Structures are given as structure tokens and as C-alpha cells.
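One-letter residues, chain by chain:
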Amino acid sequence: MTPPAHKDIGWELYRSYLGVVQEGSLSGAARALGVTQPTVGRHIAALEQALGLVLFTRSQQGLLPTEAALALRPYAQAMGHTAAALVRAADSHGDGVRGTVRVTASEVIGVEVLPPILAQLQAEHPALTVELVLSNRVQDLLQHEADIAIRMTEPRQEALIARRVGSIPLGLHAHPSYLQVHGVPETQADLAHHRLIGFDAETPFLRAAQKAVPAWRRDQFAVRSDSDVAQLAFMRAGGGIGVCQVALARRSTPALVHVLPQQFVYGLETWVVMHEDLRASPRCKVTLDALWTGLQRYVADVE
């Protein structure tokens, strides 16, 4: 590999590189990016030439990223987030509230709670486009992965604007049909005789829940999933007892039954968070206000 060329490298080269890292092949990256395979190949060759590095090796499984390629990945991803944020900011200029706002939230909040809030927001501001990212991973607002985040932990970064919504109560719940067959547990010890629904991976929440209910352990779960939405679906299907937001349990049809309410008490501190650089953005300000107001109403449903 020749020494690196000391010149600016266009974003499109890094974009193709990220596509190959994520898709594992030139053809997969081309499909994902909407360009031709030869174009992606030329971009990779040009980037390797410019950097003086070998980024991929061929194998039976496709193109494998080298150690150098993996080391570059977080920086290229940050460039991608910034490029997307730039487009969102550019699209927002004009009269009134317009453009794209990118919101991130956990799966269950994004699926069960936010749609009516965001639908009402868009009814009031028809020129506003919403990108909703559902992930239980904390998206990095400082790296522009999203404009606004719903977080279940208090943000610590000084560059963020954070509004506390309140504490969302959680409880053990089951479908009436399940309890009709298996009975209602009256003590924590009774849980040993029930089908429990919980997380597959060890999580901070799981460790905290075990302090309140020692039986709430991974090896006791008859159904394990790291998806909150999947756990809720199992509860609604009569698959067992799981942890659910109290307000969501009440909204289910039929309502899920709250079991051992005095013995399992846990709340999720909830915040709406935005980077302070977006304070003057109309699209972000109205979205932040709508999310905060709507989530406060949601929390008030169980108070």
C-alpha cells in the first residue's frame, strides 16, 4: 500500500466503507446505498489509497473488515450522524415548523406510547417529518445520532437540555386467562410455581428487580427476550407473568391484572432530552414540548 495521500477525502468514500462494514459485501452495500456495485468498489479502492490502509480482506463469508477498518468505524459513524443532522437542519429552514426531527426511545415507549403523541404533533404541524428510532441502547445526542431522546436515566452531560417527565410505575402483570388457569400468586414464594417472562441478558433493571423480588432471576424465566415489546406480547397472549408499565397494563384489552402490587414496586425515572445546540430550532422545540406534555399525561394516568 502506497503512503497516504494528504488531501481531503469525500464523505461518499466513507459512506461506501460503512456500507460494506455493515452489509459484508460490495453488492450488499450497493443495494443499501442505492448505487452500483462498481461504484462502491471504486470508493473502497480510493479510500484505501488515500489512507494508505487495507480496509477489507476477501473470504468465503464476503469482505471482512481489517483491524484498521474496525478502528475507523466509530469515527465514520459519527460523520454519518453529523451528515444526517446537517440535512435535517437544512430541510427545516422556511416558514413555520417544518423539516425532519429524529426521536429515539425504547421499543415499548416507541410502540405503545409515542404514536398518538406524534400523530397529534404532525396534525398540528403537517410540514414536520418524524424519524422514530426504537432501541433500548442509549443513543448519543452529542454525536447527533438523534435530535431528541426519551431516556429512563437522568442525563449527566452538561451540553444537554433535560426535562424530567416523572416516574413511570412498573408492576407484575398477567392476562386474566392465565390467572384463571394457574391461579393468582399471593406471595413471592408462589412465583416459583408460575411461568415467568423476563430478559435474556443480565440487565441493570433485572439486578434491581431481584432486590425487591429475589425469585425474579433469569434461570426462573420460562420465556426470555430482551425485547420489551415481545415480553408484553407474551403477557397479552396469556403466556405468563411479566413486568409491565402499569398504564400499559390498564390500556390492554382486556386489562392485564396487577399481581403482588405491594411486593413489587418499581419506577422508571423518565426524561425528555435534547442537545442544547437545537434550542433555537422550531422543529425540535415543538417536538420536545409535545413529548414532554404527552408523557406527563401518560404518567398521570396511574397517579
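To be clear, the structure that these remarks concern was listed above.
The shown structure was predicted, so the numbers you read here are calculated from the model rather than taken from an experiment.

Draft legend 1. Expanded view of the nonpolar core. The biggest cluster of nonpolar side chains holds 56 residues, and the ones touching the most others in it are Leu114, Ile148, Leu172, Trp216 and Leu291. Discounting chain neighbours no more than four positions away, the residues touching Trp216 are Leu172, Leu196, Ile197, Leu206, Ala209, Gln210, Phe221, Ile241, Gly242 and Val243. Val20, Ala29, Ala30 and Ile44 belong to the second largest nonpolar core, which has 17 residues in total.

Draft legend 2. Inspection of the pairing of strand E1 (residues 56-59) at higher detail. Pairing between E1 and strand E2 (residues 62-65): 4 bridges, direction antiparallel. Note that in E2 the partner of Thr57 across the bridge is Leu64. Between E1 and the antiparallel strand that follows it, E2, lie 2 residues.

Draft legend 3. Looking closely at the pairing of strand E8 (residues 221-224). The pairing of strand E7 (residues 196-198) with E8 spans 3 bridges and is classified as parallel. Across the sheet, Ile197 pairs through a bridge with Val223, a residue of E8.

Draft legend 4. Representation of the side chain of His175. Mapped onto the fold, His175 is located in the loop between strand E6 (160-174) and helix H7 (176-182). When its relative accessible area of 14% is taken as the criterion, His175 is described as buried. Looking at His175, its side chain comes within polar contact range of the side chain of Ser177, at 2.8 Å. Once residues lying within four places of it in the same chain are set aside, the contact partners of His175 are Met235, Arg236, Gly238, Pro254 and Leu256.

Draft legend 5. Region of interest: the packing of helix H6 (residues 114-124) against helix H11 (residues 282-300). Direction vectors running N to C along H6 and H11 enclose 140°, while the axes themselves pass 10 Å from each other. What the angle tells us is that H6 and H11 run oblique. Crossing of H6 over H11 shows right-handed handedness. Counted together, Leu114, Ile117, Leu118 and Leu121 of H6 and Val286, Thr287, Ala290, Leu291, Gly294 and Leu295 of H11 form the full contact between these two elements. When the residues that make up the contact of H6 with H11 are grouped by side-chain class, the tally is 8 nonpolar, 2 polar and no charged.

Draft legend 6. How the structure looks around the environment of Gly28. Structurally, the position occupied by Gly28 is in helix H2 (residues 26-33). Residue classification places Gly28 among the buried residues on the basis of a relative accessible area of 5%. Along the chain, Gly28 and Val40 lie 12 residues apart, while their C-alpha atoms are 9.9 Å from each other.

Draft legend 7. Expanded view of the layout of surface pockets. Estimated volume of the largest pocket: approximately 830 Å³. Contributing to the lining of the largest pocket are 33 residues, with Ser106, Asn136, Met152, Asp228 and Leu268 lying nearest its centre. Among the secondary structure elements, those contributing two or more residues to the lining of the largest pocket are strand E3 (99-105), strand E5 (148-151), E7, helix H8 (204-212), helix H9 (228-236), strand E9 (241-245) and strand E11 (266-275). For the lining of the largest pocket, the element with the highest residue contribution is H9, accounting for 4 residues. Classifying every residue of the lining of the largest pocket gives 19 nonpolar, 10 polar and 4 charged.

The rules behind these values
- Residues numbered from 1 in each chain as written.
- Predicted model: local features only at pLDDT ≥ 70, side-chain atom pairs only at ≥ 80, totals over all residues.
- Heavy atoms only, no water.
- Core = buried A, V, L, I, M, F, W, Y, C linked by side-chain atoms within 4.5 Å.
- Buried < 20%, exposed > 50% of the residue type's maximum accessible area, 1.4 Å probe, protein only.
- Contact = heavy atoms within 4.5 Å.
- Pairing = 2+ DSSP bridges.
- Helix = DSSP H or I, 4+ residues; strand = E, 2+ residues; numbered from the N terminus.
- Polar contact = N/O pair within 3.5 Å; in protein donor to acceptor, adjacent residues only side chain to side chain.
- Axes fitted to C-alpha atoms, helices over the stretch in contact; angles between N-to-C directions.
- Parallel < 35°, antiparallel > 145°, perpendicular 65-115°, else oblique.
- Left-handed = near helix turned anticlockwise from the far one by under 90°.
- Nonpolar A, V, L, I, M, F, W, Y, C, P; charged D, E, K, R; others polar.
- 1 Å grid on protein atoms, 1.4 Å probe; cavity = no way out; pocket = protein on both sides within 12 Å on 5 of 7 lines; lining within 4 Å.
- Points joined across faces, edges and corners; volume = space filled by probe spheres on them.

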